[in-house]
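# Chains, contacts and geometry: an overview
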Amino acid sequence: DGGITQSPKYLFRKEGQNVTLSCEQNLNHDAMYWYRQDPGQGLRLIYYSQIVNDFQKGDIAEGYSVSREKKESFPLTVTSAQKNPTAFYLCASSIAGGHQPQHFGDGTRLSIL
Amino acid sequence: AQSVAQPEDQVNVAEGNPLTVKCTYSVSGNPYLFWYVQYPNRGLQFLLKYITGDNLVKGSYGFEAEFNKSQTSFHLKKPSALVSDSALYFCAVRGYGGSQGNLIFGKGTKLSVKP
């Protein structure tokens, strides 16, 4: 079945540590997105990529980094500069075009030890 | 500024009764509108979208939504609620300008359907 796979499902970070969240899709979608979800705040866009080797900052990119070396993969690194990283992180992909729905993975929940 | 508002944090409905989850939007161009549902500890699932055409859009699991341009609203509806419909619902609108193609999400409405 086609879909988006996020791993791990749960992740713990120590102070000062960088961690990387994985996102892989086999839907052949050009566009991929990373969102952060906090209770009562909806989804906020961290980074997005419309094509391989290109990506743009979203609304809350500070303290995060991404890469897009392959069409299928869009990993997110939460750096030590992100002072409040505890959240639920969602990856999505879509066919290019603003009227196309986004397809979401099942998320990674990141907590601070 | 482009935005989406979901005025109710929670909606409570008895099973079998009709349900409505409200959404209003503000965009600078023609609105592309979406509804998603999220179950606990899961990603969002696409329910339906409005791009153009008929103002009543039908989607998955018996849900539908009514686009009202004059009221800038896109309310989600279902004629008869099920307990299994209990979840978090998000309305979203496509952004324009620098965020073209990206979705702007509302803060979500928790739907609770009681037996």
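The notes below deal with the structure included here. (Residues numbered from 1 in each chain as written. Chains lettered and ligands numbered in written order. Predicted model: local features only at pLDDT ≥ 70, side-chain atom pairs only at ≥ 80, totals over all residues. Heavy atoms only, no water.)

## As for the interface of chain B and chain A
Put simply, the rule reads: Whether two residues touch is decided by their heavy atoms; if any such pair falls within 4.5 Å, the residues are in contact. Note on terms: buried area is the combined drop in 1.4 Å-probe accessible area of two parts once they are placed together, counting the loss on both. For this analysis, a salt bridge means a side-chain nitrogen from Lys or Arg found within 4 Å of a carboxyl oxygen belonging to Asp or Glu. N or O atoms closer than or at 3.5 Å make up a polar contact, with two conditions inside protein: a donor-capable atom paired with an acceptor-capable one, and, for residues adjacent in sequence, both atoms drawn from side chains. A run of H or I in DSSP counts as a helix once it spans at least four residues, and a run of E counts as a strand once it spans at least two, with each numbered from the N terminus.
Across the boundary between the two partners, chain B contributes 22 residues, which contact 22 residues of chain A. Both faces combined, the contact of chain B with chain A buries some 1,700 Å², and carbon together with sulfur accounts for 51% of it. Run the count over chain B and chain A and you get 1 salt bridge. Residue Asp106 of chain A is joined to Arg42 of chain B by a salt bridge in which the shortest nitrogen-to-oxygen separation is 3.1 Å. Scanning the region where chain B abuts chain A turns up 7 residue pairs in polar contact (both at pLDDT 80 or more). Mapped onto the side of chain B that touches chain A, the elements with two or more residues apiece are strand S5 (33–38), strand S6 (44–50), strand S10 (87–94) and strand S11 (103–105) of chain B.

## Regarding the side chain of Ser73 of chain B
Positionally, Ser73 of chain B belongs in strand S9 (residues 73–78). Here Ser73 of chain B is in contact with Cys23, Thr24, Tyr25, Glu66, Phe67 and Asn68 of chain B, once residues within four sequence places are set aside.

## Quick word on the packing of aromatic side chains
Put simply, the rule is: The rule is short: rings of Phe, Tyr and Trp, with Trp giving its six-membered ring, pair when the centres are within 6.5 Å, and they are stacked under 30 degrees, edge-to-face over 60, tilted in between. Categorising residues by exposure relies on relative accessible area from a 1.4 Å probe, with only protein chains included: less than 20% of the type maximum marks a residue as buried, more than 50% marks it as exposed, and the intermediate range marks it as partly exposed. Sitting over a ring, as applied to charges here, requires NZ of Lys or CZ of Arg to be within 6 Å of the ring centre and within 35 degrees of the ring normal.
Counted under the stated rule, the structure contains 15 aromatic pairs over all chains. Judged by centre distance (6.2 Å) and plane angle (20 degrees), the rings of Tyr25 of chain B and Phe67 of chain B are stacked. Of this pair, Tyr25 of chain B sits in strand S4 (residues 24–26) while Phe67 of chain B sits in strand S8 (residues 64–68), and the two are 42 residues apart along the sequence. Exposure class is identical for Tyr25 of chain B and Phe67 of chain B. Each is buried. An aromatic cluster of at least three residues, connected via ring pairs, comprises Tyr33, Tyr35 and Phe104 of chain A together with Phe34, Tyr36, Phe46, Phe90 and Phe105 of chain B. Between Arg68 of chain A and the ring centre of Phe74 of chain A, over which it is positioned, the NZ or CZ distance is 6.0 Å. Above the plane of the ring of Phe63 of chain B lies Lys78 of chain B, whose end atom (NZ or CZ) is 5.0 Å from the centre.

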